[in-house]
Amino acid sequence: MSQNVPPIRELVQDIKRAGFYPELVLDGVATVFEPDEIISHLVQLETHIDREEVHRHITVLVLTDTHLLVAHLDDQQLDEEGSIVAAHINSEIVPLRRLGTVTSNLTYLQPQHYAPGMRASELQLSIAWTGSQRIDAGPADCPDPHCAAEHGYTGSAVREDIMVRVSASADGAVAIISAQKFVSALRKAHMKATK
């Protein structure tokens, strides 16, 4: 965060810059806390393209000394022409002492050329507080192309209530830096709240 811009103003700027129903997102987020309570925030807009439609959604995380606000907004086309759209915004305020895990996963391209201070190309942040578990499963592969045996399924079970992915190629290098600052602030506040 810039030291000259108050955290609430920077949050508002980031939500407006994302440009995905900014006034609706601001109504659901910016009025929850007193401006001087905000320590850090993360605003992440994602776009997914399937065969016929483009889907976007935005996740906003706002950190205070004692709580984490998690807000997520997406929209849904209600008719084939796209003239009727509904937006859904979910928000939850989680006491930091209830957070179970804060996990970050950094990806570095060309790690053989890594030098101290080199920026990550991607960051994934997973936060769990209720014990929700995501299960990804699929048929197990066999390296033998002539094998006809049933190999069952393989997969992973990941505890997470929210997962945010920030990519330098999609979101820019500054987004990775901002996300890493948010993760650092969240971990410090979480450790302080759970002492």
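Structure shown above.
Predicted model, so just to flag it, every value in this text is computed and none were measured. Numbers given for residues are sequential positions, taken from 1 along each chain in its written order. Reporting of local features is limited, given that this is a predicted model, to residues whose pLDDT is at least 70; pairs of side-chain atoms are given and counted only at 80 or more, and all residues count toward the totals for whole chains, interfaces and linings. In computing side-chain properties, one takes all heavy atoms of the structure into account and sets aside hydrogens as well as water.

The next point concerns the packing of aromatic side chains. Note on aromatic pairs: each is described by the distance of the centres and the angle between the planes. Stacked, edge-to-face and tilted are the three classes for Phe, Tyr and Trp ring pairs, Trp counted by its six-membered ring, which pair at centre distances within 6.5 Å; planes under 30 degrees apart are stacked, over 60 edge-to-face, the rest tilted. Applying the stated criterion to the full structure yields two aromatic pairs. Here Tyr108 and Tyr114 contribute two aromatic rings whose centre-to-centre distance is 5.5 Å and whose plane-to-plane angle is 85°, an arrangement assigned as edge-to-face.

Right, let's talk about the sheet that holds strand 6 (residues 122–128) for a bit. In spatial order, the strands read 5-6-9; together these three strands make up an open sheet with antiparallel pairing. Of all strands in the sheet, those bounded by a partner on one side alone are strand 5 (101–107) and strand 9 (162–167). Along the sheet, successive strands turn relative to each other by an average axial angle of 10°, direction set aside. Across seven bridges, the pairing between strand 5 and strand 6 is antiparallel. Paired with Ser104 across the two strands is Leu125, which belongs to strand 6. With respect to the sheet, helix 4 (residues 173–193) is in contact with strand 5, strand 6 and strand 9, its orientation differing from that of strand 6 by roughly 30°. One requirement defines pairing of two strands: DSSP has to find at least two bridges between them. Put simply, DSSP H or I for four residues or longer makes a helix, DSSP E for two residues or longer makes a strand, and each gets a number counted from the N terminus. Convention adopted: a line fitted to C-alpha atoms gives each axis, helices being fitted over their contacting stretch, and angles between N-to-C directions are expressed from 0 to 180 degrees. Any two residues whose heavy atoms approach within 4.5 Å are treated as being in contact.

On to the packing of helix 1 (residues 7–18) against helix 2 (residues 22–29). Helix 2 packs onto helix 1 with a crossing angle of 145° between their chain directions and a minimal axis gap of 9 Å. Our pair here, helix 1 against helix 2, has a crossing hand that is right-handed. Of the residues in helix 2, those in contact with Leu11, Val12, Ile15 and Lys16 of helix 1 are Pro22, Glu23, Val25, Leu26 and Val29. Each crossing is labelled by how the near helix is turned from the far one, with a counterclockwise turn of less than a right angle marking it left-handed and a clockwise turn marking it right-handed.

A turn of α-helix holds 3.6 residues, and therefore any two residues three or four places apart point the same way. Take the residue count of a helix, subtract one, and multiply by 1.5 Å to get its expected span. In this model, helix 4 (21 residues) spans 30 Å end to end at C-alpha, consistent with the 30 Å of a helix rising 1.5 Å per residue. Taken residue by residue, helix 4 has Ala175, Ile176, Ala179, Phe182, Val183, Ala185, Leu186, Ala189 and His190 as its buried positions. Here the term buried applies to any residue with accessible area under 20% of the maximum for its type, exposed to any over 50%, and partly exposed to those in between, with areas from a 1.4 Å probe on protein chains only.

With seven bridges connecting them, strand 2 (residues 54–63) and strand 3 (residues 67–77) associate as antiparallel partners. Its bridge partner being in strand 3, Leu63 is matched across the sheet by Leu68. The antiparallel hairpin formed by strand 2 and strand 3 contains three residues in its connecting segment. The pairing of strand 3 with strand 4 (residues 85–95) spans 11 bridges and is antiparallel. Opposite Ala71, over in strand 4, you have Ser91 as the bridge partner.

Only a pair of cysteine sulfur atoms within 2.5 Å qualifies as a disulfide here. In total, this model carries zero disulfides according to the counting rule given. With no disulfide of its own, Cys142 lies 3.8 Å from the sulfur of Cys147, the closest cysteine sulfur. Judged by its relative accessible area of 31%, Cys147 falls in the partly exposed class.

Across soluble globular proteins, nonpolar side chains have a tendency to be buried as a group. Only buried residues count toward a nonpolar core. Its members are Ala, Val, Leu, Ile, Met, Phe, Trp, Tyr and Cys residues joined through side-chain atoms within 4.5 Å. Residues Leu61, Leu68, Leu99, Leu125, Ile127, Phe182 and Leu186 are the most contacted members of the largest nonpolar core, which totals 25 residues. The leading source of residues in this core is helix 4, at eight residues. Those residues in contact with Phe182 that lie beyond four places of it in its chain are Ser40, His41, Leu42, Leu61, Leu63, Leu68 and Leu125. One finds Ile8, Ala18, Val25 and Val43 within the second-largest nonpolar core, a separate group that totals 18 residues.

The next point concerns the pattern of salt bridges. For this document, the term salt bridge refers to a Lys or Arg side-chain nitrogen within 4 Å of an Asp or Glu carboxyl oxygen. Summed over all chains, the structure comprises two salt bridges. Taking the shortest distance from any N to any O, the salt bridge between Arg17 and Asp14 comes out at 2.5 Å. Placement of both Arg17 and Asp14 in helix 1 is noted, with a separation of three residues, approximately one turn of the helix. For Arg165, the salt bridge identified is with Glu122, shortest N-O distance 2.9 Å. Here Glu122 lies in strand 6 and Arg165 lies in strand 9, a separation of 43 residues in the sequence. The exposure class assigned to Arg165 is partly exposed, which follows from its relative accessible area of 33%. When its relative accessible area of 16% is taken as the criterion, Glu122 is described as buried.

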